[in-house]
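Observations on chain architecture
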Amino acid sequence: MSAQAGSIASSSEAAQHGEFINTDVIGFPFDQLPQAGEFKLPRYQAAVLEVIEEHQVPERMAYYIGMTACCAAAQTRADAYKPRGGLVGLGVYTLLSAISGERKTTVDGEFFRSFVGCNEEIKAWSSIEAKRNTVHQKVWNLKMRKLTSKYEEAKELGKDTTQLLQEMKDHAELEPDECSEWSIVMKDFTIPALKLGLKNVPCIAILSSDCWKLFAQTILPNDDDFCQIWSNESINVSRVKGGYTVLNPRVTKCISIQPDKLKLIMAEKGAESIASGYLGRVIYVKCGSTIGTRLSRYAPTDRAGRDLFNKGIKEVLDAYLTALKAGNYSRTILKFSSDASHLWIEYLDYVEKQMREGGRYSKAIDHGSKLADNVARIAAAFHFAEGFEGDIGVDCVLTAIALCNEASKDYMEDIVPKDQEDLDAMELYEWLKNRDFITGSTKGRAGRFIDVENISQIAQFGPYRLRKASVIKNLLGVLVRKGLIQIGRRSQPGRRDTFYVDMTPGPF
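The structure displayed is predicted, hence computed values, not measured ones.

Calculation notes
- Residues numbered from 1 in each chain as written.
- Predicted model: local features only at pLDDT ≥ 70, side-chain atom pairs only at ≥ 80, totals over all residues.
- Heavy atoms only, no water.
- Patch = residues over 30% accessible without salt bridge, like charges linked within 9 Å, V, L, I, M, F, W, Y side chains within 5 Å.
- Areas by Shrake-Rupley, 256 points an atom, 1.4 Å probe, with all protein chains shown as cover.
- Salt bridge = Lys/Arg side-chain N within 4 Å of Asp/Glu carboxyl O.
- Buried < 20%, exposed > 50% of the residue type's maximum accessible area, 1.4 Å probe, protein only.
- Pairing = 2+ DSSP bridges.
- Helix = DSSP H or I, 4+ residues; strand = E, 2+ residues; numbered from the N terminus.
- Core = buried A, V, L, I, M, F, W, Y, C linked by side-chain atoms within 4.5 Å.
- Contact = heavy atoms within 4.5 Å.
- Expected span 1.5 Å × (residues − 1).
- 1 Å grid on protein atoms, 1.4 Å probe; cavity = no way out; pocket = protein on both sides within 12 Å on 5 of 7 lines; lining within 4 Å.
- Points joined across faces, edges and corners; volume = space filled by probe spheres on them.
- Axes fitted to C-alpha atoms, helices over the stretch in contact; angles between N-to-C directions.
- Parallel < 35°, antiparallel > 145°, perpendicular 65-115°, else oblique.
- Left-handed = near helix turned anticlockwise from the far one by under 90°.

1. Some details on a nonpolar patch on the surface
Taken together, Tyr81, Leu87 and Ile333 make up a surface patch of nonpolar side chains, about 270 Å² in accessible area. Residue Leu87 is classed as partly exposed on the basis of its relative accessible area of 41%.

What follows is the structure, encoded as structure tokens:
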């Protein structure tokens, strides 16, 4: 796979025409990524298309919730070894920006169906264990009271209490652990409850719709804990009675928040969460809306794709529960194939270059530094959830990059603080994508390729505030550095070569 996408003008050629970009920062063939509807992951792709068709929900919502369900299941049974070294868990933190009424709860129900059944099973089992624990605790309390009574009596009579003290210490070490109801899915929670839950069950999925209070009052104030969990670090819990350590916890979150609430939270606490590194780990997605377009029709009856998807998830979770009950739980280690490793490293190098001054991620270093990790997690999760054998393959990595790159655009637009140049560049980008563009006397929608043989055409018909050739050139350069567009060169017989803007499409 070429490290350069399409016919991209070199820096020297660009300079001959007074060019306005440094094209060597492109560095990754984004135009070769699979598009939505074409992902070569049979279970995942079929299930997503069925959900979109039946419930008429935003396609991004279906794709990213389905992806998160794969990660929530796969984190229970596997970790992944990255091509450049280092082990990662398969949990991800997905944050969906969606207005009320977009049916996230419905989509959660489709992709996390198997979790609900397994959750009820483990709750029932843990309830029986809790009753046994209660009996053990009562017996322990009774013996401790007797030992204490003997000690007090011996002390009062002036007898040697050395033996009794040792018996009390030995018995204290036998106190039963606190036993609470086990759960593999949480919706509303406190941090102490989550940590205790992870002590019992080392992998948990968190689902919540319209969770602005949970996000603002629980998650962000405890972002350090979530950073530790994401990074596979153990958690020490200190308490007056019996502290404990949570070893190798894994958490996957799939939560949504309304755009106006997110904007308010970011204005108040956003800078702190960016500084802590928490938001850099998050996969943030703007879902869009289907409200007003859901026309009445007969509901599709084909559930084959969703049934197969959930069957695969259930097999993973059943193995997880069996291992927990037997007390021999462990995770397998997944590795990348040679071709998949090469592709992942290409993407890692692209992101690294984009963190240089003026690059796409120069103002979002923490986000950029976590992108390749998230790609590795998602690719491994797809491999495991699809039931593929052997090492992680190219199709899983391509799909993971497509999803992460698209979400990264949303993150850069909504989360990262911008200066006026960034805002102007994104205004031009949205115009190029969505507005009519006029070439000569022909008027039509902006397609993938928009001729800029005469840049004054963009200056003439673009956003009114930006209609100046020098301004347009600069802003196009900003968009190239962000990795949102590319500049290509077209040769025509008998005419001077011309440059054009390549609106390389994302998967959606």
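Past the structure itself, the notes keep going.
2. Brief notes about the pairing of strand S1 (residues 78-81)
Note on strand geometry: in a regular strand, side chains alternate between the two faces of the sheet. Note that S1 and strand S10 (residues 332-335) share 4 bridges and pair parallel. Residue pairing across strands places Asp79 opposite Ile333, the latter belonging to S10. Sheet topology note: the S1/strand S2 (residues 87-89) ladder contains 3 bridges and is antiparallel. Bridge pairing in S2 places Asp79 opposite Gly89. Remark: 5 residues form the turn of the hairpin made by S1 and S2, two consecutive strands paired antiparallel; Gly85 in that turn has positive phi of roughly 100°.

3. Section: the nonpolar core
With 122 residues, the main nonpolar core has Tyr44, Phe111, Phe115, Phe215, Tyr278 and Val397 as its most contacted residues. In this structure Phe111 touches Ala47, Val48, Val51, Ala62, Ile65, Gly66, Ala69, Phe309 and Asn310, once residues within four positions along its chain are discounted. Core analysis: the next-biggest nonpolar cluster, separate from the first, contains 22 residues, Met426, Trp431, Ile472 and Met503 among them.

4. Concerning helix H2 (residues 42-55)
The end-to-end C-alpha distance of H2 is 20 Å, a good match for the 20 Å that 14 residues give at a rise of 1.5 Å each. Lining the buried residues of H2 we find helix H3 (59-74), helix H4 (104-111), helix H12 (304-326), helix H14 (365-385) and helix H15 (394-414). Gln56, located one to two residues past H2, shows a positive phi value of around 50°.

5. Examining the pattern of salt bridges
Taken as a whole, this structure holds 21 salt bridges when the rule is applied. Residue Lys82 pairs with Asp373 through a salt bridge whose shortest N-O separation is 2.8 Å. Taken together, the residues Lys82 in the loop between S1 and S2 and Asp373 in helix H14 connect sequence positions 291 residues apart. For the residue pair Lys82 and Asp373, the accessibility class agrees, reading buried in each case. Residues participating in the shared-partner salt-bridge network are Glu50, Glu54, Glu110, Arg303 and Arg306.

6. Side note on the layout of surface pockets
Put simply, the second largest pocket is a space of about 350 Å³. If you go around the second largest pocket, you meet 17 residues; those closest to its centre are Val116, Val185, Met186, Lys187 and Leu207. Elements with a minimum of two residues in the lining of the second largest pocket: H4, helix H5 (113-156), strand S4 (185-186) and strand S5 (203-208). No other element matches the 5 residues that H5 contributes to the lining of the second largest pocket.

7. Considering the packing of H2 against H12
Running from N to C, H2 and H12 point in directions that differ by 130°, and their axes come no closer than 7 Å. Classified by the angle between their axes, H2 and H12 sit oblique to one another. Our pair here, H2 against H12, has a crossing hand that is left-handed. Between H2, through Arg43, Tyr44, Ala46, Ala47, Glu50, Val51, Glu54 and His55, and H12, the contact on the second element is made entirely by Ala304, Gly305, Arg306, Leu308, Phe309 and Gly312.

Purely spatial values, then, with no claim about function.
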